[in-house]
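Residues per chain, in single letters:
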2 protein chains.
Amino acid sequence: MQLGNVTKRSKTETKRTYDDACGLAHALDLVGERWAMLILRELAYGGRRFSGLRKDLPGISANVLTQRLAELEERGLVRKSRLPPPASVQVYEATDWALEVTPLIGRLGKWAARSPRHDPTLPLSHASIMMSMQVMIDPERAGDLSGRFGFRFGEVSYVAELSDGEIAVERGPLINCDVRFSGTPEEVAGVIYGGAPLDTLHPEGDLELAGRYVAIFPLPEKAA
Amino acid sequence: MQLGNVTKRSKTETKRTYDDACGLAHALDLVGERWAMLILRELAYGGRRFSGLRKDLPGISANVLTQRLAELEERGLVRKSRLPPPASVQVYEATDWALEVTPLIGRLGKWAARSPRHDPTLPLSHASIMMSMQVMIDPERAGDLSGRFGFRFGEVSYVAELSDGEIAVERGPLINCDVRFSGTPEEVAGVIYGGAPLDTLHPEGDLELAGRYVAIFPLPEKAA
DNA sequence: CCGTATCCAATAAGATACTG
DNA sequence: CAGTATCTTATTGGATACGG
């Protein structure tokens, strides 16, 4: 039997690799397996628990999530860590190196959103919609608009800090925000991309600023 | 049986899709399957024949290549086309939309080349090394260096046009080149990344320019 | 030579039940 | 909650045979 590009790694684990020095091939060896990039997307703004990942990755099964996390950890992209007491729960977090690839996966997403087949009515995770804002913002429309915009999705909240036509995102409490929105990720998408009324997101704070913020995200024109 | 995210597309073909509105998930539905991005890499600089693709994708089998090309065509990323006579052969080429994703693919490769596991001694295709130059160039080192640099890999040749710290690549005859190199893709990598002697590539033309060109590609520093 | 189609073996992914 | 274990299904790869 010829092994070809099947590399034996241990008695029980084998792995298909591309025998190719091209960096892209290696990228796919690292994060090209099913679910891997979506896991990194979910880890882009901080550590997450197993169950949270499972909830926000529609359709992943526990064994596959376990396996992906173990592989990503072995490859130096994910690290297990324990939150300080009183939480003391274990979370998975992306390493610095893995965080460098998240802007690229965001741009992959922007590219694909132009597909005629893209269905924006499917469910959306909170990490997805935050990353979407970072990548879809039109710096021209944003102009010199700036501020701190809070988003509350149930238990989880994020702050998007806008300045110079760019958005920095962090997960965490809504402190010092000029505007606070709340709703589901899908509702946020409906307002910023679908023209749904601003009230959907129950804005609090500077409502005029809120209205200007939600208008800086153009819908991508479909490709072919 | 529950179908979950397995979508029936026809009697014989089923397809796993991510039920996720995130653009990234859709990107992976489009080009996330094994070999798909590598095929787009090979098509980045012009149409290729089936056998050429097969040769430059080490380990792909004919049936998988056939299937990927058919899927990519159906999704609007690849088109079959016939070269004008007297060649009259059929080639597969990337659509304009697909060509927009190739720079992202290149940057994914650049990111992954920083992996400690990356093995640069594996085989390399001519498209890979050309894309690698586009993405690995250091604009600082390049300064205001400019020129047309030809690369001959056996039957196939490319021109890399350098100006303003950027490289435009096209496949085709070596006309109007300031320098012409020839060798294998691996030899080119050895010279520009591994510090192998310039002579390896049998440079012709402006040899001083040749020496300056091969010095503008820094080796990526390893992450972790 | 340029692909396609078919068959088979090996992996990877998914569903579900179950344990600490 | 955080995973394992087990079983089933789907995809991939390799060989080979076939049609233009």
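Every value quoted in this text rests on a predicted model; they were computed, and no experiment measured them.

J.: Now, about the overall build of chain A: what can you tell me, with residues and values included?
T.: Along chain A, the regular secondary structure elements total 10 helices and 9 strands. Counting only C-alpha atoms, chain A reaches 70 × 55 × 30 Å along its principal axes. When contacts within chain A are restricted to residue pairs at least 6 apart in sequence, those whose partners lie at least 24 apart make up 56%. Accessible area for chain A stands at about 10,600 Å²; split by element, carbon and sulfur atoms hold 51% of it. On chain A, the mean spot of the 27 positive side-chain charges and the mean spot of the 30 negative ones are 9 Å from each other.

J.: Quick rundown of the pattern of salt bridges? Include the residues and the values.
T.: Enumeration according to the criterion identifies 24 salt bridges over all chains in this entry. Two residues, Arg75 of chain A and Glu33 of chain A, come together in a salt bridge whose shortest N-O distance is 2.9 Å. In this pair, Arg75 of chain A sits in the loop between helix H4 (62–74) and strand S3 (78–82) while Glu33 of chain A sits in the loop between helix H1 (23–31) and helix H2 (36–42), placing the two residues 42 residues apart along the sequence. You'll find Arg75 of chain A and Glu33 of chain A in the same group, each marked buried. With a shortest N-O distance of 3.2 Å, Arg117 of chain B and Glu74 of chain A are connected by a salt bridge. Highlighted residues: Arg117 of chain B in the loop between helix H6 (102–112) and helix H7 (126–136) and Glu74 of chain A in helix H4, drawn from two different chains.

J.: Requested: an account of the protein's contact with DNA strand C, with residues and values cited.
T.: The full set close to DNA strand C counts 21 residues, and Arg34, Trp35, Asn63 and Arg68 of chain A together with Phe50 of chain B are the nearest of them. At the protein interface, 78% of the atoms of DNA strand C within 4 Å belong to sugar or phosphate. Note that a phosphate oxygen of DNA strand C is positioned 2.8 Å from one of the side-chain N or O atoms of Arg34 of chain A. Thr66 of chain B places a side-chain nitrogen or oxygen 3.3 Å from a phosphate oxygen of DNA strand C. Counting residues per element, the ones that place at least two in the surface near DNA strand C are strand S2 (14–16) and H4 of chain A together with helix H3 (50–56), helix H4 (62–74) and strand S4 (90–94) of chain B. Class assignment for the residues of the surface near DNA strand C results in 5 nonpolar, 9 polar and 7 charged.

J.: Pulling in residues and values, what's your account of helix H9 (residues 185–192) of chain A?
T.: Residue and element names in this part refer to chain A. Along H9, the positions that sit buried rather than exposed are Pro185, Val188, Ala189, Val191 and Ile192. The buried residues of H9 all sit within an arc of 165 degrees when viewed along its axis, so they share a single face. In this fold, the buried residues of H9 make contact with helix H7 (126–136) and strand S5 (147–153).

Cut-offs used in this document
Residues numbered from 1 in each chain as written. Chains lettered and ligands numbered in written order. Predicted model: local features only at pLDDT ≥ 70, side-chain atom pairs only at ≥ 80, totals over all residues. Heavy atoms only, no water. Helix = DSSP H or I, 4+ residues; strand = E, 2+ residues; numbered from the N terminus. Contact = heavy atoms within 4.5 Å. Areas by Shrake-Rupley, 256 points an atom, 1.4 Å probe, with all protein chains shown as cover. Lys, Arg positive; Asp, Glu negative; His and termini not counted. Charge placed at Lys NZ, Arg CZ, Asp CG, Glu CD. Salt bridge = Lys/Arg side-chain N within 4 Å of Asp/Glu carboxyl O. Buried < 20%, exposed > 50% of the residue type's maximum accessible area, 1.4 Å probe, protein only. Near = heavy atom within 4 Å. Polar contact = N/O pair within 3.5 Å; in protein donor to acceptor, adjacent residues only side chain to side chain. Nonpolar A, V, L, I, M, F, W, Y, C, P; charged D, E, K, R; others polar. Arc of directions from axis to C-beta.

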